[in-house]
Amino acid sequence: MMDRGRIRRSWIAAIAFGSFVMGFHGPVAAFPVDGDQTALPAKTELNEDALDKPREVFRSEAGAGGKSHMINLGNLAFSSPGILGSVARQAGMSCSTCHVNGASNAKFFIPKMSTRPGNFDTTGPLFNPKADNFVLDPVRIPSLRGARYLAPYGHDGRTASLRDFVRNVIVGEFAGPEPSPEIVDAIVAYINDIDFLPNPSLGPAGHLAGQVSDAERRGEALFVKPFPHDPRLSCAGCHVPSAAFVDHQQHDVGSGGLFKTPTLRNADFNAPYFHDGRYDSYDQVVAHFDRVFDLGLSAQDRRDLIAYLTAVGDGVQPYERDGAGAVIKEVNDFTLVLGTAISAKDTTIIALAVDTIGSELRELTERYPDRKNTNVAGGGPERALARTALKDLVLTLRRIEMAATEGRFSEAAADYKNYRYLMVAAVPAVLAGAAPWSLFNPEVHDAHYAALRQVLQAKRTAR
């Protein structure tokens, strides 16, 4: 086993040729704030600079359980641009770009493919011209929490099978190559493992429980009350409380066609609302139904319904602060997939894992600004050490892939063992030491992106 002092000295020595390391793998600048100078249209917003990320809850981790190999493989593929078509790969986009930690991305916006933040035209020309229907008809980016309860899939409920839906997203919407059955099954396993955030306000059969306010209780009564002009209808008739607030059916609610009933679980964090994301708030949603179905709601009724929807749509700890620890945790899950693939001599999965993990680590590297960044004061040696440590990991991964490709699996296994040691015994401490001067520090983060925005704005003005 390599001595820790030797590891540290080797990183410090490697600072001198850090530029070579990055050059070897190509430019890896952090994604611009608005997507300018990328494969995507100028003024694209992917919200990749967010400090707070949606919290991801896995069913398999409840109690003393843990995620399986298939779930980790699915998460890895979900996070990999490599399974999508050329435009997405060039832009560094993956499934997780739209569905951050399995949730939605309310700030996602691509000019001429979105009409507002949070929606996206899946039948537009950018990613797969063959799928273009020549109509700008974006749909809201949905959360995948609780997806196993929410069939059929697609806003119009056009696909009964989640497996078929996943394959169509890869091949039909993003022009990716035909995925292997194993990859599709793994992504389905990953999506099915993403749970709703727990909500203490919901008891058995979806009824309100615990400390319920008078407004919430009145709202619940209105929710199950038949509509005045059609007693066959009610809010609860479609959003069935005992069935994750869905009925697995499509309905015309005056929004331009037949669309499936969306869940209200965790909906507080799923704005914008309706299939196309036309509404920003529950107030607007309630007003729509009041108008279209002539419900005759009073101002108090509307407030009560909103109070009820807010209670139903809540969830414990919906967001968590992004940091090196969260990235390392996910990367370690991906690394388990790599280890299994090396043992199985599966060069296809090895290549996918190395590419995905390497991208994650290179992106993490850019969270520690180099010495040329004048917006960050102090911590120069700590930042340099963090960057070099991460670059060394990327080089180790590349050696693993090269060895496996050439059939030298014992060497690949030895490099994998060294990589695992670094990730557990050394890298977390190095990154923690550089944290005060990283983009995970809100003050450093804000100064960095403010300067970046000024640069981008100046470039546009000069054109």
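One can find the structure itself at the top, above this paragraph.
Residues numbered from 1 in each chain as written. Predicted model: local features only at pLDDT ≥ 70, side-chain atom pairs only at ≥ 80, totals over all residues. Heavy atoms only, no water.

Participant: Can you walk me through the overall build of the chain in this structure?
Facilitator: A count of helical and extended segments in the chain gives 16 helices and 6 strands. At 24 Å, the chain has a C-alpha radius of gyration in line with the 23 Å of a compact globule built from 463 residues. Taken along its principal axes, the extent of the C-alpha atoms in the chain is 75 × 50 × 50 Å. The buried share of the chain, taken over its 463 residues, is 53%. Long-range pairs, those at least 24 residues apart, make up 64% of the contacts in the chain between residues at least 6 apart in sequence. As presented, the chain carries roughly 21,000 Å² of accessible surface, and 56% of it is formed by carbon and sulfur atoms. Computed over 49 positive and 53 negative side-chain charges, the inter-centroid distance for the chain is 5 Å. (Helix = DSSP H or I, 4+ residues; strand = E, 2+ residues; numbered from the N terminus. Rg over C-alpha atoms; globule rule 2.2 N^0.38 Å. Buried < 20%, exposed > 50% of the residue type's maximum accessible area, 1.4 Å probe, protein only. Contact = heavy atoms within 4.5 Å. Areas by Shrake-Rupley, 256 points an atom, 1.4 Å probe, with all protein chains shown as cover. Lys, Arg positive; Asp, Glu negative; His and termini not counted. Charge placed at Lys NZ, Arg CZ, Asp CG, Glu CD.)

Participant: For this particular structure, what's the right way to read helix H15 (residues 409-434)?
Facilitator: For an α-helix, 3.6 residues make a turn, and residues three or four places apart therefore share a direction. Counted at 1.5 Å a residue, the expected span for H15 with its 26 residues is 38 Å, and the 35 Å between its end C-alpha atoms agrees. Most pronounced at Ala-426, the bend in H15 amounts to some 45 degrees, and the proline Pro-428 follows within four residues. (Expected span 1.5 Å × (residues − 1). Bend = angle between axes of the 7 residues up to and from the residue.)

Participant: Is there a simple way to explain the pattern of salt bridges in this structure?
Facilitator: Taken as a whole and judged by the stated rule, the model has 23 salt bridges. Between Arg-116 and Asp-280 there is a salt bridge whose closest N-O contact spans 2.7 Å. Taken together, the positions of Arg-116 in the loop between helix H5 (95-98) and strand S2 (119-120) and Asp-280 in the loop between strand S5 (259-260) and helix H10 (282-292) put the pair 164 residues apart, joining distant regions of the chain. The class for Arg-116 is buried, based on a relative accessible area of 18%. Owing to a relative accessible area of 44%, Asp-280 belongs among the partly exposed residues under this scheme. Arg-367 is the partner of Glu-363 in a salt bridge, and the nearest nitrogen-oxygen pair spans 3.9 Å. Note on Glu-363: relative accessible area 36%, which makes it partly exposed. The buried category is assigned to Arg-367, whose relative accessible area is 12%. Here the salt bridges share partners, and the residues they tie into one network are Glu-61, Lys-67, Lys-329 and Asp-333. (Salt bridge = Lys/Arg side-chain N within 4 Å of Asp/Glu carboxyl O.)

Participant: Just to check I follow, could you spell out the packing of aromatic side chains for this structure?
Facilitator: Two aromatic rings, taken as a pair, are described by how far apart their centres are and by the angle between their planes. What the rule picks out here adds up to 17 aromatic pairs. Pairing Phe-78 with Tyr-190 gives two aromatic rings, centres 5.1 Å apart and planes at 55 degrees, and the pair type is tilted. Of this pair, Phe-78 sits in helix H3 (residues 69-78) while Tyr-190 sits in helix H7 (residues 181-193), placing them 112 residues apart in sequence. The exposure classification of Phe-78 matches that of Tyr-190, with both residues buried. Pairing Tyr-368 with Phe-440 gives two aromatic rings, centres 6.2 Å apart and planes at 75 degrees, and the pair type is edge-to-face. (Phe/Tyr/Trp six-rings, centres within 6.5 Å; stacked < 30°, edge-to-face > 60°.)

Participant: Sorry, what's going on with the packing of helix H14 (residues 380-405) against H15 here?
Facilitator: Two quantities define a packed helix pair, namely the angle between the helix axes and the distance between the axes. Where H14 contacts H15, the axes come no closer than 9 Å and their chain directions differ by 165 degrees. On the basis of the axis angle, H14 is roughly antiparallel to H15. Both H14 and H15 take part in a crossing whose hand is left-handed. Split by residue class, the contact of H14 with H15 holds 19 nonpolar, 2 polar and 6 charged. (Axes fitted to C-alpha atoms, helices over the stretch in contact; angles between N-to-C directions. Parallel < 35°, antiparallel > 145°, perpendicular 65-115°, else oblique. Left-handed = near helix turned anticlockwise from the far one by under 90°. Nonpolar A, V, L, I, M, F, W, Y, C, P; charged D, E, K, R; others polar.)

Remember, this is a structural readout, not a statement about activity or role.
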